[in-house]
Amino acid sequence: MKTFNVSGKKVIVVAISAALLTGFAGCEDPRWVAKKVSNAMKEKRLVDHLEGLEAIAVPTPDGESTTRAAGSDGYANSVDYITETLERHGYEVTYQAFDFRAWEEQSGTSLSVNGQSLVHVRNATDDIPADFATMSYSGGSDGAVSADIAFVTPDFNFESPDYDDTDGCEASDFDGIDVSGKVAVIQRGGCTFNAKVVNAENAGAVGAIVFNQGNDDGRKAVVNGTLGSDSEATIPAFGARYDLGKEWYDALEANTIAAALNVSVEDEVVETRNVLAETKGGDPDQIVMVGAHLDSVPEGPGINDNGSGTAGILEYAIRLKKKLKKLHVDQKNKVRFAWWAAEEAGLVGSDYYTNEVFGAIYNDAQTQIMEELGITDPSELTDAQRDMVEARYNALNPVKMYLNFDMIGSPNYIYGVMDGDLSDTKDDPNNAYPGDFEPPKGTSDIENLFNEFFTDNDEATIPQALSKRSDYSGFADWGVAFGGLFTGAERVKSAEEAELFGGEVDVAYDKCYHQACDDLNNVSNEALTKNSRALAYVATYFAMTEELFEEQEEQKQRSLLRSAPQDKHRIGEKIKAASRETADHGHFHGDFDQDRD
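Residues numbered from 1 in each chain as written. Predicted model: local features only at pLDDT ≥ 70, side-chain atom pairs only at ≥ 80, totals over all residues. Heavy atoms only, no water.

Here's the deal with the overall build of the protein
In terms of helices and strands, the protein carries 14 helices and 18 strands. Buried positions account for 56% of the 597 residues belonging to the protein. Restricting to contacts in the protein with at least 6 residues of sequence separation, those with at least 24 account for 80%. A total of about 25,000 Å² of accessible surface is found on the protein, and carbon and sulfur atoms cover 45% of it. (Helix = DSSP H or I, 4+ residues; strand = E, 2+ residues; numbered from the N terminus. Buried < 20%, exposed > 50% of the residue type's maximum accessible area, 1.4 Å probe, protein only. Contact = heavy atoms within 4.5 Å. Areas by Shrake-Rupley, 256 points an atom, 1.4 Å probe, with all protein chains shown as cover.)

Some thoughts on the nonpolar core
Formed by 95 residues in total, the largest nonpolar core has its most connected members in Tyr316 and Leu403. Ranked by residue count, the leading element in this core is helix α13 (residues 525-543), at 11 residues. Apart from the residues lying within four places of it in its own chain, the contact partners of Leu403 are Val288, Met289, Val290, Gly291, Ile446, Phe450, Gly483, Val538 and Ala539. In this structure, Ile287, Met370, Ala476 and Trp478 belong to the second largest nonpolar core, which totals 31 residues. (Core = buried A, V, L, I, M, F, W, Y, C linked by side-chain atoms within 4.5 Å.)

Description of the environment of Leu396
Of note, Leu396 is situated in helix α9 (residues 383-396). Note: C-alpha distance between Leu396 and Tyr362 (34 residues apart in sequence) is 8.5 Å.

Remarks on the side chain of Ser524
Tracing the chain through its elements places Ser524 in the loop between α12 (495-501) and α13. Setting aside anything within four residues of it in sequence, one finds Ser524 in contact with Gly409, Ser410, Pro411 and Tyr413.

What about the sheet that holds strand β5 (residues 116-117)?
The eight strands lie next to each other as β5-β4-β11-β7-β8-β9-β10-β6, forming an open sheet whose pairing is mixed. Bordering the open sheet on either side are β5 and β6 (132-134), each of which pairs with just one other strand. Bridge count between strand β4 (residues 110-113) and β5: two bridges; the pairing is antiparallel. Within β5, the position partnered with Val113 by the bridge is Gln116. Packing of helix α6 (residues 242-252) onto the sheet brings it into contact with β4, β5, β7 (145-151), β8 (183-187), β9 (207-211) and β10 (237-240), and relative to β7 it is tilted by some 85°. (Pairing = 2+ DSSP bridges. Axes fitted to C-alpha atoms, helices over the stretch in contact; angles between N-to-C directions.)

What to know about helix α8 (residues 348-373)
A rise of 1.5 Å per residue sets the reference length of α8, with its 26 residues, at 38 Å; its end C-alpha atoms lie 36 Å apart and thus fit the reference within 8%. Taking the largest bend as the criterion, α8 deviates by roughly 25°, centred on Gly359. At the exit of α8 stands Gly374, carrying a positive phi of roughly 75°. (Expected span 1.5 Å × (residues − 1). Bend = angle between axes of the 7 residues up to and from the residue.)

Description of the sheet that holds strand β3 (residues 94-105)
Overall, mixed pairing links the eight strands, which are arranged β3-β12-β14-β13-β15-β18-β16-β17 in an open sheet. Each having just a single partner strand, β3 and β17 (462-464) make up the two edges of the open sheet. Averaged over all pairs of adjacent strands, the angle between strand axes in this sheet comes to 20°, irrespective of strand direction. Sheet topology places strand β16 (residues 416-418) next to β17; three bridges connect them, and they run parallel. Counted as the bridge partner of Met418 is Gln464 from β17.

What to know about the packing of aromatic side chains
One pass over the structure, following the stated rule, counts 33 aromatic pairs. Ring centres of Phe337 and Trp339 lie 6.4 Å apart, and the angle between their planes is 25°; on these two criteria the pair is classed as stacked. A relative accessible area of 0% means that Trp339 is categorised as buried. Counting every residue linked through ring pairs, the aromatic cluster contains Phe151, Phe156, Phe158, Tyr163, Phe211, Tyr242 and Tyr249. The positively charged end of Lys246 is found above the aromatic ring belonging to Phe156, 5.1 Å away from the centroid. (Phe/Tyr/Trp six-rings, centres within 6.5 Å; stacked < 30°, edge-to-face > 60°. Lys NZ or Arg CZ within 6 Å of the ring centre and 35° of its normal.)

Thoughts on a positive patch on the surface
Taken together, Lys42, Arg45, Lys280, Lys321, Lys322 and Lys325 make up a surface patch of like positive charges. Among the elements that take part in the positive patch, helix α7 (residues 307-327) stands out by supplying three residues, more than any other. Looking at where Lys325 falls in the secondary structure, it is placed in helix α7. (Patch = residues over 30% accessible without salt bridge, like charges linked within 9 Å, V, L, I, M, F, W, Y side chains within 5 Å. Salt bridge = Lys/Arg side-chain N within 4 Å of Asp/Glu carboxyl O. Lys, Arg positive; Asp, Glu negative; His and termini not counted. Charge placed at Lys NZ, Arg CZ, Asp CG, Glu CD.)

Brief notes about the packing of helix α4 (residues 73-88) against α7
At a minimum axis distance of 10 Å, the contact between α4 and α7 shows a crossing angle of 15°. Classified by the angle between their axes, α4 and α7 sit roughly parallel to one another. Once α4 is placed against α7, the crossing between them reads as right-handed. Packed against α4, whose contacting residues are Tyr81, Ile82, Thr85 and Leu86, the element α7 presents Thr310, Leu314, Ala317 and Ile318 at the interface. Class assignment of the residues belonging to the contact of α4 with α7 gives a composition of six nonpolar, two polar and no charged. (Parallel < 35°, antiparallel > 145°, perpendicular 65-115°, else oblique. Left-handed = near helix turned anticlockwise from the far one by under 90°. Nonpolar A, V, L, I, M, F, W, Y, C, P; charged D, E, K, R; others polar.)

Some remarks on the pattern of salt bridges
Tallied over the entire structure, the rule returns 16 salt bridges. Across the pair Asp383 and Arg570 runs a salt bridge, and its minimum N-O distance is 3.9 Å. Of the two residues, Asp383 sits in helix α9 while Arg570 sits in the segment after α14 (553-561), which places them 187 residues apart along the sequence. The exposure class of Asp383 is exposed, given its relative accessible area of 54%. Note that Lys530 is salt-bridged to Glu459, the shortest N-O span being 3.1 Å. Here Lys530 is found in helix α13, whereas its partner Glu459 is found in the loop between α10 (443-456) and β17, with 71 residues between them in sequence. Its relative accessible area of 19% is what places Glu459 among the buried residues.

Concerning unusual backbone geometry
Most peptide bonds take the trans configuration, and most residues that are not glycine carry a negative phi. Cis geometry marks the peptide bond from Asp305 to Asn306, where omega comes out at 10°. At Ala342, a residue that is not glycine, the phi angle is positive and equals roughly 55°. Relative to the helices and strands, Ala342 is located in the loop between β14 (333-340) and α8. Relative accessible area serves as the criterion here: at 0%, Ala342 is assigned to the buried category. The phi dihedral of Lys468 falls on the positive side, at around 60°, and the residue is not glycine. Here Lys468 is to be found in the loop between β17 and α11 (473-477).

Focus: the pairing of β10
Here β10 shows no split at all, with Ala237 and Gly239 on one side and Phe238 and Ala240 on the other all buried. Alignment of β6 against β10, held across three bridges, turns out to be antiparallel. Residue pairing across strands places Phe132 opposite Ala240, the latter belonging to β10.

Printed below as a string of structure tokens:
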């Protein structure tokens, strides 16, 4: 593990001091303004927002907790809370509405195989590990179902050069295998969970269990997956541990094995909304965007995940407006605030925003370039001409950066900063950028400024790999510089991290991650306040800076020496997120894209 050290920052401080001595107006210095706004972020006001969010959550179907999940009344109440607070402070609020398939597993799920009752992830404890999970967007069973199990085409010969990891990926995999009226048991790998389950259903299966692949240690635990909101599967679908699948396969050689299952789901298409607001001042052609997801998981109220980020940017919007008015400074760039819907269902709200807004800008850029070149068919564009389209898109896109705040108050926290230049995490399995791919220009500048804030406040930071498992993902795919903060989720704190930040060794950063207990008692007010001040410092600095990104000489030389990447990332192309098994902040109702091509 590496921590950030900014001994070189003294040079910047000296340079700024010299500028002030030669007549530079202090009130126009971006760092001076940023510090003023940052210091205005107070713990009590932030906690007040958390209390407000917890109060408006609604009971879960089982009555064991409360929730603000997308599609619930709790989410609608959250939208109202943000709207009323912003309007009370002079902001004009807009919404971006879209249809969302709200799926929720009801209480009473059960699964047994070969006479053994299996442990649902909801019922697992430190002493009793989970055996299975219901895949989100699974169909319901309409009562108890009993049927024999049937394997499709599993392959356990992991070392064989002919190893095949595509069990159930093709309809032909079911040829000659009788799964009609049975529960299909399919090994993970090679394609989406949805493809396996739909193929099984089309072959007549009444249910499906996808057990983990088992080819490495990261693929042995429960498959906590999703079929995706566009799935057409209607049969019950579960994910299970690798060891169980192998055990059933071996036992099936001697006898038939029966399964009994029961699962009830609520599945409907509802309208949900992203919430947006922006400052009146600032250049509308240079927008600094800050965002946090507003929804919780269905299991709990989500006060750390992500009431903490929600509260941070809400309070920042209030303090920025008040402080800039009091300081009488000229805001250089517009700041846009976003609270995303349905992040927990797979980044649905932020993806919808980026695809709709940036997709339209890209189409305009492509149309302009094609008209200038006299080309009518986009397929005729050469690579060089596509470079021209991307350059035009970057010029037309007013959103120059996106700052993401998701879980910034974990009780056993670290101060995590996204590793914008991948200098510390390039080889981390949690890094989603393969090979020669690089984050958009400016991403490293954002990282540097966050680290500057923490160093100036005598705090260490931990570089965070760019897993693309939060709402910055779509911005990254559309070529927008990004950055953000994270205090940790289900992974455990190391002894070295405890030396830096305090807290408990070998205990999760957030013991209540995605659980009913993610309430007001699950937040470190110290981490929430410090991160909110960092948020305010960095966002305000860029709001007050005309030249957003300065390409350092070292970066220029690296660019000149570096050969052209073999697989250039094109703007708008989706880069797959890091695997759930390797990522802290695994997120979503399961692993929505793990095995997609």
